[in-house]
Amino acid sequence: MPTGVPGRDLLVSGWWGAARKINYTGDWLQGHGWWILCGKDSVVPYFYFAVLLLHWAMRDDELCIRKYGRAVWNEYRKRVPYILCPYVV
């Protein structure tokens, strides 16, 4: 998707068309592995998912709004509505 920023087109097909932060999905799965190893009572995996991954995704959205402009970023968000996992988040 053209953005008007030279050399900075946004991908809206393949894996990147499925979710905006598809690379964070691997981190999310790693967090589940920690959950299995640490047990349900540990806060480590929940902290990792809730604080780090979601914070990074929100921070990246703000940076991209500044980088591409609100109109372009909102159009991108319409074309790629999911953040981490298609049809879920």
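The residue numbering used here restarts from 1 in each chain and proceeds along that chain's sequence as written. Totals for whole chains, interfaces and linings use all residues, but because this is a predicted model, local features are given only for residues with pLDDT of at least 70 and pairs of side-chain atoms are given and counted only at 80 or more. Hydrogens and water are ignored here; the side-chain numbers use all heavy atoms of the structure.

K.L.:
Just to check I follow, could you spell out the packing of helix α3 (residues 44-68) against helix α4 (residues 70-79) for this structure?
P.N.:
When two helices pack together, their arrangement is given by the angle between the helix axes and by the axis-to-axis distance. Where α3 contacts α4, the axes come no closer than 6 Å and their chain directions differ by 125°. As the angle between them shows, α3 and α4 are arranged oblique. Judged by residue contacts, Asp61, Cys64, Ile65 and Tyr68 of α3 engage Arg70, Val72, Trp73 and Arg77 from α4. Residues of the contact of α3 with α4, tallied by class, amount to five nonpolar, no polar and three charged. Interaxial angle, 0 to 180 degrees, is taken between N-to-C directions of lines fitted to C-alpha atoms, where a helix line uses only the stretch in contact. Put simply, DSSP marks the helices as runs of H or I at least four residues long and the strands as runs of E at least two long, and each gets a number from the N terminus on. These descriptions rest on fixed angle ranges, namely under 35 degrees for roughly parallel, over 145 for roughly antiparallel, 65 to 115 for roughly perpendicular, and the rest for oblique. We call two residues contacting when some pair of their heavy atoms lies within 4.5 Å. Only Asp, Glu, Lys and Arg are considered charged, only Ala, Val, Leu, Ile, Met, Phe, Trp, Tyr, Cys and Pro nonpolar, and every remaining residue, Gly among them, polar.

K.L.:
Would you take a moment to explain the nonpolar core for this structure?
P.N.:
For soluble globular proteins, nonpolar side chains are generally found buried alongside one another. Nine residue types can take part in a nonpolar core, namely buried Ala, Val, Leu, Ile, Met, Phe, Trp, Tyr and Cys, and a core is a set of them joined through side-chain atoms within 4.5 Å. Throughout this description, buried means an accessible area under 20% of the type-specific maximum (1.4 Å probe, protein chains only), exposed means over 50%, and partly exposed covers the range between. Met1, Leu10, Cys64, Ile65, Tyr68, Trp73, Tyr76 and Val80 form the largest nonpolar core, which has eight residues in total. At the level of elements, α3 and α4 are the ones that each hand at least two residues to this core. Looking at which element gives the most residues to this core, the answer is α3, with three residues. Ignoring anything within four residues of it in the chain, the contact list for valine 80 reads Val12, Trp16, Gly17, Ala18, Ala19 and Arg20.

K.L.:
Please clarify how the state of the cysteines should be interpreted in this entry.
P.N.:
In this description, the term disulfide denotes a pair of cysteine sulfurs within 2.5 Å. Counted by the stated rule, this structure contains zero disulfides. Its sulfur unpaired, cysteine 64 is 20 Å from the next cysteine sulfur, which belongs to cysteine 85. According to the relative accessible area criterion, cysteine 64 is buried, its value standing at 15%.

K.L.:
What exactly am I supposed to notice about the environment of lysine 67 here?
P.N.:
Relative to the helices and strands, lysine 67 is located in helix α3. When the C-alpha atoms of lysine 67 and valine 5 are compared, they prove to be 8.3 Å apart, with 62 residues separating the residues in sequence. Among all residues touching lysine 67, those that are not within four sequence positions of it are Val5 and Arg8.

K.L.:
What exactly am I supposed to notice about the pattern of salt bridges here?
P.N.:
A pairing counts as a salt bridge when a side-chain nitrogen of Lys or Arg comes within 4 Å of a carboxyl oxygen of Asp or Glu. Scanning all chains against the criterion turns up three salt bridges. A salt bridge links lysine 21 to aspartate 60, with the nearest nitrogen and oxygen atoms 3.7 Å apart. Linking lysine 21 in the loop between α1 (14-18) and α2 (22-38) with aspartate 60 in helix α3, this pair joins segments that are 39 residues apart in sequence. Note on accessibility: lysine 21 and aspartate 60 belong to one class, buried. The closest approach of N and O atoms between aspartate 60 and arginine 59, which form a salt bridge, is 3.2 Å. The buried category is assigned to aspartate 60, whose relative accessible area is 13%. Residues joined by salt bridges that share partners form a network here, namely Lys21, Arg59 and Asp60.

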